[in-house]
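Structural overview for review
One letter stands for each residue in the lines below.
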Amino acid sequence: MADPRQSTMSGTLAPGRDATEASGGYSTGNLLDFPQPRANAADRAALERVVALEILPRIVRAHGAELVKAAPRLPGEERVSEEVKAFCELVLSNNADAASAHIGLLRSGGRSLESIYLELMVPCARYLRRLWDEDVCDFAAATLALWRLQQLLREFSAAFRSLGAQHSCGLRALLAPAPGEKQELSFLMFDLALIAEFFRRDGWDAWIEPDSASVEFSALVRSQWFDVVEFLVSGEKRLDALAARIRGVRRESPNPAVRVLVCGPAFVRHPELILVVGGDMPATDPRIGVAQARNLVGLPSTRG
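Residues numbered from 1 in each chain as written. Predicted model: local features only at pLDDT ≥ 70, side-chain atom pairs only at ≥ 80, totals over all residues. Heavy atoms only, no water.

Relative to each other, helix H4 (residues 113–133) and helix H7 (residues 185–201) sit at 170 degrees, their axes nearing to 10 Å. When the axes of H4 and H7 are compared, the pair comes out roughly antiparallel. For the pair H4 and H7, contact is made by Glu-114, Tyr-117, Leu-118, Met-121, Val-122, Ala-125, Arg-126, Leu-128, Arg-129 and Trp-132 and by Phe-187, Phe-190, Asp-191, Leu-194, Phe-198 and Arg-201, respectively. Of the residues in the contact of H4 with H7, the class split is 11 nonpolar, no polar and five charged. (Axes fitted to C-alpha atoms, helices over the stretch in contact; angles between N-to-C directions. Helix = DSSP H or I, 4+ residues; strand = E, 2+ residues; numbered from the N terminus. Parallel < 35°, antiparallel > 145°, perpendicular 65-115°, else oblique. Contact = heavy atoms within 4.5 Å. Nonpolar A, V, L, I, M, F, W, Y, C, P; charged D, E, K, R; others polar.)

With that settled, the discussion passes to the sheet that holds strand S2 (residues 205–208). What holds strands together in a sheet is hydrogen bonding between their backbones, with the strands either parallel or antiparallel. With parallel pairing, five strands are arranged side by side in an open sheet as S2-S1-S3-S4-S5. Of all the strands in the sheet, just S2 and strand S5 (281–282) have a single pairing partner and so form its edges. In terms of strand pairing, strand S1 (residues 172–177) meets S2 through four bridges, oriented parallel. Among the inter-strand pairings, Leu-175 is bridged to a residue of S2, identified as Ile-208. Along the sheet, helix H9 (residues 239–252) makes contact with strand S3 (228–232) and strand S4 (259–263), crossing S3 at roughly 165 degrees. (Pairing = 2+ DSSP bridges.)

Moving on to the confidence of the model for the chain. When the pLDDT values of the chain are averaged, the result is 78; 72% of them are 70 or greater. This model gives residues 1–39 a pLDDT under 50, and the stretch forms 99 contacts once residues within four places in sequence are excluded. Note on residues 59–77: pLDDT is under 50 here. Beyond four places in sequence and across chains, it has 32 contacts. (pLDDT = per-residue confidence, 0-100.)

One finds Phe-87, Val-91, Tyr-117, Met-121, Leu-149, Leu-152 and Phe-199 to be the most contacted residues of the largest nonpolar core, which totals 56 residues. Here this core takes 13 residues from H4, the largest share from any one element. Ranked by size, the runner-up nonpolar core spans 24 residues in total, among them Leu-174, Leu-220, Leu-273 and Val-277. (Core = buried A, V, L, I, M, F, W, Y, C linked by side-chain atoms within 4.5 Å. Buried < 20%, exposed > 50% of the residue type's maximum accessible area, 1.4 Å probe, protein only.)

Those residues of helix H3 (residues 98–108) not exposed but buried are Ala-98, Ala-99, Ser-100, Ile-103 and Leu-106. For H3, the secondary structure elements touched by its buried residues are helix H2 (82–92), H4 and helix H5 (139–155). Count one or two residues on from H3 and you reach Gly-110, which has phi positive near 100 degrees.

Listed below in structure tokens is the structure:
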């Protein structure tokens, strides 16, 4: 199985990079970040059965005591469009191709992938969180639906990347949940995968590490050069732990000018919290976050 800290973008290796990086692709070292889906529908159905019957029960057994309810939602999250609800039904269904076909129809009608990602898939993920929060669907069903959303990101990855930088910009980003986010990991992994897609479209070499509190994360920070580290935060109860982790990144990174972005609803409500945790800038969404990252490292933004 591939190293969970493997790069999500292939390219020429820079000094100090592992040989495993050269293969690119998505990390497969965590239960919520799976290999590329096979083209055969029967194979995909079989894979979904394995996820539903074997992998998800292991997650529930391992983290059942930690599956607590989330922090209060942002104002306005109660308002969910009928389009988002309908798409959510597709990813919750057993029809593996229905959501993909729906995205294909939207694209043929002139809708951009960026719009589909930000205005349909992101609200869909938030709505799944709400359905689980309100006991409308169970953890396994919500997690499997989020896995399907990640598969859609991968399915359309080449088309999405083709709309951006055609060559590597030579920059590297490390993406991770904030410390203590185990109960939210299944939801945050979709967000991290989406953020990685926007970095990759801009020519970055993007890595995902699923546990920022782990020894592996610290070893990665010490051994690899990253221009930007971005933390994803679900609430505002563990900001002290996040602040400590950010201090550790700055202390341990071989890049003395490493920059830190922080993304999460608490930083949308209270941007001043970025000073409390010691970050450089809050990232309000993936598109803006990449532009902010380029600005932090002194490069002009390539997109409006």
